[in-house]
Amino acid sequence: MKDPADAIAIVHRVHVHEDFTRTAQILLVLLTQAQQQHPGKKRCLYIEIDGHRDSKGDFDRDMLELQSKFMMDFLFQFLTRVEMPLGSFQNPNPQNNVIPPSLNLIKVDRPSSDGLGESKTNPRF
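Throughout what follows, the structure given in this document is the object of discussion. (Residues numbered from 1 in each chain as written. Predicted model: local features only at pLDDT ≥ 70, side-chain atom pairs only at ≥ 80, totals over all residues. Heavy atoms only, no water.)

Here's the deal with the sheet that holds strand β4 (residues 87-90)
The pairing of strands in a sheet happens through backbone hydrogen bonds and is either parallel or antiparallel.
Here is step 1 of the chain: Spatial strand order, β1-β2-β3-β4: 4 strands in an open sheet with mixed pairing. Looking at strand neighbours, the two that pair on one side only are β1 (7-14) and β4, the edges of this open sheet. Within the sheet, the average angular offset between the axes of one strand and its neighbour, ignoring direction, is 10 degrees.
Here is step 2 of the chain: Examined bridge by bridge, β1 and strand β2 (residues 42-49) share 8 bridges and lie parallel to one another. Looking at β2, one finds that Ala 7 is bridged to Lys 42.
Here is step 3 of the chain: Seen against the sheet, helix α1 (residues 20-37) touches β1 and β2 and runs at an angle of roughly 160 degrees to β1. (Pairing = 2+ DSSP bridges. Helix = DSSP H or I, 4+ residues; strand = E, 2+ residues; numbered from the N terminus. Axes fitted to C-alpha atoms, helices over the stretch in contact; angles between N-to-C directions. Contact = heavy atoms within 4.5 Å.)

Structure, rendered in structure tokens:
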């Protein structure tokens, strides 16, 4: 991006009490509002995350999935740039300005393949 003045900044701090689903819904609302108020303007998303760490200091499953799968596989198409704890990324493609009005997130548990009886969770979208 040539000049930050070209874009609108969208900022969200994920609080400890916000899970994946809540955060995903908030981000979609913020994108929708930005598109409605500034149609077609470049959008840069800045995300900060409070808590959501395990005992090793790594992100918990919700925030890892939010930053890796949800952001990069879905939400990134509606942005010009994203900055989040896992990294900063410039969209090589023009941003998509047709933002869906809602999300239909489904959490699917599948049986364990390791025989230990614990179910594993597939991504939500």
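Brief notes about the pattern of salt bridges
Here is step 1 of the chain: Under the criterion given, the structure shown has 4 salt bridges.
Here is step 2 of the chain: Linking Arg 13 and Glu 48 is a salt bridge whose minimum nitrogen-to-oxygen distance equals 2.8 Å. In this pair, Arg 13 is assigned in strand β1 and Glu 48 in strand β2, connecting sequence segments 35 residues apart.
Here is step 3 of the chain: Residue classification places Arg 13 among the partly exposed residues on the basis of a relative accessible area of 40%.
Here is step 4 of the chain: Residues Arg 13 and Asp 50 are paired through a salt bridge, measuring 3.1 Å at the closest nitrogen-oxygen approach. One end of the pair, Arg 13, is in strand β1; the other, Asp 50, is in the loop between β2 and α2 (61-73), with 37 residues separating them in the sequence.
Here is step 5 of the chain: Overall, the relative accessible area of 24% leaves Asp 50 in the partly exposed class.
Here is step 6 of the chain: Here the salt bridges share partners, and the residues they tie into one network are Arg 13, Glu 48 and Asp 50. (Salt bridge = Lys/Arg side-chain N within 4 Å of Asp/Glu carboxyl O. Buried < 20%, exposed > 50% of the residue type's maximum accessible area, 1.4 Å probe, protein only.)

Here we look at the packing of aromatic side chains
Each aromatic ring pair is described using two quantities: the centre-to-centre distance and the angle formed by the ring planes.
Here is step 1 of the chain: What the rule picks out here adds up to 3 aromatic pairs.
Here is step 2 of the chain: Taking the centre distance of 5.6 Å and the plane angle of 80 degrees together, the rings of Phe 20 and Phe 70 count as edge-to-face. In this pair, Phe 20 sits in helix α1 while Phe 70 sits in helix α2, placing the two residues 50 residues apart along the sequence.
Here is step 3 of the chain: Since its relative accessible area comes to 0%, Phe 20 is described here as buried.
Here is step 4 of the chain: Arranged with centres 5.6 Å apart and planes meeting at 40 degrees, the rings of Phe 70 and Phe 74 form a pair that is tilted.
Here is step 5 of the chain: When its relative accessible area of 17% is taken as the criterion, Phe 74 is described as buried. (Phe/Tyr/Trp six-rings, centres within 6.5 Å; stacked < 30°, edge-to-face > 60°.)

Just geometry here; none of it tells us what the structure is for.
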